[in-house]
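Examination of the molecular architecture
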Amino acid sequence: MSKVKVTLIKGINGRKPNHIDTVKSLGLRKISQSVIHNKTADIEGKIKLVSYLLKVEEV
């Protein structure tokens, strides 16, 4: 299974509450923080919802 590295590049202040919850569910709290996830349909959906806040790289 492939993996993706997700990095928060913009802050979550002033964003929609469901977008804030989605970013937190990805395990991101601070700007420039990165996490690695398995590439599943669930994770892809979350990334698509808040893609304007993230940088995504294949690992």
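Before going into details, it helps to say that this report is about the structure given with it. (Residues numbered from 1 in each chain as written. Predicted model: local features only at pLDDT ≥ 70, side-chain atom pairs only at ≥ 80, totals over all residues. Heavy atoms only, no water.)

Moving on, we come to the overall build of the protein. When helices and strands are counted, the protein shows two helices and three strands. Of the regular secondary structure in the protein, the N- to C-terminal order runs β-α-β-α-β. The C-alpha radius of gyration of the protein comes to 11 Å, within 12% of the 10 Å expected for a compact globule of 59 residues. The principal-axis extent of the C-alpha atoms belonging to the protein is close to 35 × 20 × 15 Å. Of all 59 residues assigned to the protein, the portion counted as buried reaches 31%. In the protein, of all internal contacts separated by at least 6 residues, the share reaching a separation of at least 24 is 73%. When the accessible surface of the protein is summed, it comes to about 4,000 Å², and 52% of that surface belongs to carbon and sulfur atoms. The protein carries 12 positive and 5 negative side-chain charges, and their two centres are separated by 7 Å. (Helix = DSSP H or I, 4+ residues; strand = E, 2+ residues; numbered from the N terminus. Rg over C-alpha atoms; globule rule 2.2 N^0.38 Å. Buried < 20%, exposed > 50% of the residue type's maximum accessible area, 1.4 Å probe, protein only. Contact = heavy atoms within 4.5 Å. Areas by Shrake-Rupley, 256 points an atom, 1.4 Å probe, with all protein chains shown as cover. Lys, Arg positive; Asp, Glu negative; His and termini not counted. Charge placed at Lys NZ, Arg CZ, Asp CG, Glu CD.)

On to the nonpolar core, then. Counting residues in each nonpolar core, the largest one holds 14 residues, and the members touching the most others are Val-6, Val-23, Leu-28 and Leu-54. Residue assignment for this core shows that the elements contributing at least two residues are strand S1 (3-8), helix H1 (17-25) and helix H2 (41-49). Here the element with the most residues in this core is S1; it accounts for three residues. With residues near it in sequence (within four places) discarded, Leu-54 still touches Val-6, Thr-7, Leu-8, Ile-9, Leu-26, Leu-28 and Ile-47. (Core = buried A, V, L, I, M, F, W, Y, C linked by side-chain atoms within 4.5 Å.)

To continue, consider the sheet that holds S1. Here we have three strands laid out as an open sheet, ordered S2-S1-S3, and antiparallel in their pairing. Each end of this open sheet is capped by a strand with a single partner; those strands are strand S2 (34-38) and strand S3 (54-58). Within the sheet, the average angular offset between the axes of one strand and its neighbour, ignoring direction, is 25 degrees. Taken together, the five bridges between S1 and S3 define a ladder with antiparallel strand orientation. Its bridge partner lying in S3, Leu-8 is registered against Leu-54. Most of the contacts of H2 go to S1, to which it runs at about 30 degrees, and overall it touches S1, S2 and S3. (Pairing = 2+ DSSP bridges. Axes fitted to C-alpha atoms, helices over the stretch in contact; angles between N-to-C directions.)

So far we have only geometry, and geometry alone does not tell us how the molecule works.
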